[in-house]
Amino acid sequence: MQLNFSGKQRTPVVLQTEAAECGLACLAMVAAYHGHDIDLASLRRRHAISMQGATLAHIMQVASHLQLGSRPLKVALESLPKATLPAILHWNFNHFVVLAGMRGGRAVIHDPACGERLLTLAELSPHYTGVCLEVSRLEEFQPQQDRQQVSVLQLLGRLRGMKGTLGQIFCMALALEVLTILAPFFTQLVVDNAVVSADRDLIAVLGIGFLMIALVHVGVTAARSWVLMVLGTRLSVQMITNLFAHLLRLPMSFFEKRHLGDLSSRFESLNAIQRTLTSSFVEALVDGSMALITLAVMFAYSGTLTAIVCVAAALYALLRVALYRPLFYAQQEQIAHAANQQSSFLETIRGIQSVKLFNRQAHRRTMHENLLVRNFNAEIRTERLDILYRGLNGVLFGVENIAVIWIAALLVLDSKFTVGMLFAFVSFKTTFVTRIGAFTDNVVELRMLGLHAERVADIALAEPEPAATTEVASTLAADIEFRNVTFRYASFAPPVLHNVSFKIAAGESVAIVGPSGCGKTTLLKLILGLVAPTEGEVLIGGVNIAHLAPAHLDLIGAVMQEDKLFAGSIADNICFFDANSDQARIEECARLAVIHDDIVSMPMGYNTLIGDMGDALSGGQKQRVLLARALYKQPKILALDEATSHLDVDCERGVNEAVRSLSLTRISIAHRPETIAMADRIVALPNVPEPRVRAHSRHRTRLPSEGEGLAQQARSNSIHSIR
């Protein structure tokens, strides 16, 4: 999007990437209207939003950082057109949209979830909650471009062996074009020389010569197609491998905030990039070159006729430029709708048991149909623009063709042209029009590549987890220390943990207890390095894990609530598909997890396939296989998050006794008294984070909290507090 720094511009459409960043997306739209063109990725890095979303107060704080003033108002529906636009509207009590303007009595809504929508006030009424945020420039506001520049080569990384292949393709393409230029001369020579003089031998010689040229043309075309296929395949493999490798290095917070279908859709954008680089890029270079050569030949025939063709080509280029922006937004919306539809489909399939238990098949079907219709409507908008372009294109070049033949026929009658020259010029003209049209289309496609590049950039430019930079993790002692650790999931969110300090000695067994939602799992994720503390340090063996992660995970075996098994055998899952797995160790870990007897009773034993995500096993069996998987690592530290919640009392006792016999530092999150009783010490977290957590041996003390103050702060930030 190009900015007009002299003033305001049309409000753009910015589609959200993360599930709960509609507020940031709306602010990016309004900021761009006022002249601050900031991309969503940059805004997200500076003002992170948690999965729980943002209140209107949070959006106002972010706006102030952009030198934009904001004023929350209670505005009646009929008074909305009088508000200062564009304005941010509270939508369905869980979403934000932008009221960009009024068009023909209807509201122009820019919805970050699905794009531009035109709604009457009656259609808008059920969604609008009555809260409107007007945004304006502050005195210190300065228009600027604040977008992260993304190049396709930066996204692709190192691509091996491409230069030589591209050179071969370019040379073969040029050879094909030279052969194509020779073809019209055959017609001219036959008509003007052989036919007029009735020279049959000349016709035969010309026919054989140009037949050889045609055969060479076919052979070179086939060779180029083969090389293009090989290049495209190699490029796709390298791009997908590079991007997937980077994706696996991203922190857990990245995945928690995105829908699965959206991530899948971004990988599909790689196919568009590959097609453009292997075909459109080369073709644009060749078509541009050949259009110039053909143009020179045409001028040699007739300047007047060539001028007519050039005017038509210029008008065609202007037509593509005029339709570029609408087509860009239409494709952007269509891709977003397709991703939403894919996310809904995958979510329904994954949760089919719950859907059936609550008899919500009709609800999920209706939801999927609505998303499908939105996707098809977006495709229709794109196709409508394409139909308009093809129609105007047909009219334009239809008129041009008639004009050229008309004037050329008059030139023949005036003896300024021969019939053979007429045939040859029309052939050259057709070649030129085809080439210049293809060149224009390919240039537009290359420009459109930015749409796919921005989608891939959301993954490719995300900051990966740091590599280990200090001591080798395997040499560290298995003690853990928290030093004044505070953690919050977003810039404006209240802390989940506040100023937490405690120590766990090597070999000690500690139970983390507290009410649901007090931060127990978050504390465990901090130890595992899945999230980083907002303030303070987490140390293992006296070393900050920020300098170790993810290498320190070699020290730790973990069983988390959301852990998954993978399609394969039970043995594969216990060793986690180790290429050099140790069967004896697999069985030993299974015995420690009290799952060995269950496995050997199965017809295929350890080779039993567990199905998709472990669906062939019961809940208790899954937990014990996960525990065996954690023990297979031979860790020094064992972290368990409700790891025995699906077990009966006797089975749980057996697991606890087996784990207790190991020389490990054990950290358990549990509610069951049996599991808590197995711990040497208890660390109790309060209901609401407070300044410091104190650890007590064999008993727990309820500590004072700042609950009332935090609750009051949350109420003050609530959207319902706006008057």
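Further up the page is the structure itself.
None of these values were measured; they are calculated from a predicted model. (Residues numbered from 1 in each chain as written. Predicted model: local features only at pLDDT ≥ 70, side-chain atom pairs only at ≥ 80, totals over all residues. Heavy atoms only, no water.)

Draft legend 1. Spatial organisation of empty space enclosed by the protein. Inspection of every chain in the model, using the stated rule, returns three cavities of 30 Å³ or more. Empty space within the largest cavity amounts to approximately 220 Å³. If you trace the largest cavity, you find 22 residues lining it, with Leu640, Asn656, Ser668, Thr675 and Met678 closest to the centre. The element that contributes the greatest number of residues to the lining of the largest cavity is helix α19 (residues 649–660), accounting for five residues. Classifying every residue of the lining of the largest cavity gives eleven nonpolar, six polar and five charged. (1 Å grid on protein atoms, 1.4 Å probe; cavity = no way out; pocket = protein on both sides within 12 Å on 5 of 7 lines; lining within 4 Å. Points joined across faces, edges and corners; volume = space filled by probe spheres on them. Helix = DSSP H or I, 4+ residues; strand = E, 2+ residues; numbered from the N terminus. Nonpolar A, V, L, I, M, F, W, Y, C, P; charged D, E, K, R; others polar.)

Draft legend 2. Summary view of the sheet that holds strand β7 (residues 128–137). Taking strand neighbours across the sheet as the criterion, the six strands line up as β2-β7-β3-β4-β5-β6 in an open arrangement whose pairing is antiparallel. Two strands lie at the open edges of the sheet, namely β2 (68–74) and β6 (115–119), each paired on one side alone. Strand-to-strand twist across the sheet, computed as the mean angle between neighbouring axes with direction ignored, equals 30°. Here four bridges tie strand β3 (residues 87–91) to β7, and the two strands are oriented antiparallel to one another. Looking at the pairing, alanine 87 lines up with glutamate 134 of β7. Sheet strands touched by helix α1 (residues 22–34): β2, β3, β4 (95–103), β5 (106–111) and β7. Its angle to β4, the strand with the most contacts, is close to 35°. Where helix α3 (residues 56–65) meets the sheet, its contacts fall on β2, β3, β4 and β7, and the angle it forms with β2 comes to roughly 155°. (Pairing = 2+ DSSP bridges. Axes fitted to C-alpha atoms, helices over the stretch in contact; angles between N-to-C directions. Contact = heavy atoms within 4.5 Å.)

Draft legend 3. Quick peek at the pattern of salt bridges. Considering all chains together, one arrives at 13 salt bridges under this definition. A salt bridge links glutamate 347 to arginine 364; the shortest N-O distance between them is 3.0 Å. Of this pair, glutamate 347 sits in helix α10 (residues 303–350) while arginine 364 sits in helix α12 (residues 361–413), and the two are 17 residues apart along the sequence. Across the pair glutamate 383 and arginine 390 runs a salt bridge whose closest N-O atoms are separated by 3.4 Å. Sharing partners across several salt bridges, the network here consists of Arg10, Arg103 and Glu116. (Salt bridge = Lys/Arg side-chain N within 4 Å of Asp/Glu carboxyl O.)

Draft legend 4. Just a nonpolar patch on the surface, in detail. Residues Ile208, Leu211, Met212 and Leu215 make up a contiguous nonpolar surface patch of roughly 420 Å² in combined accessible area. Tracing the backbone shows leucine 215 in helix α7 (residues 200–248). Under the relative-accessibility criterion, leucine 215 is labelled exposed at 52%. (Patch = residues over 30% accessible without salt bridge, like charges linked within 9 Å, V, L, I, M, F, W, Y side chains within 5 Å. Areas by Shrake-Rupley, 256 points an atom, 1.4 Å probe, with all protein chains shown as cover. Buried < 20%, exposed > 50% of the residue type's maximum accessible area, 1.4 Å probe, protein only.)

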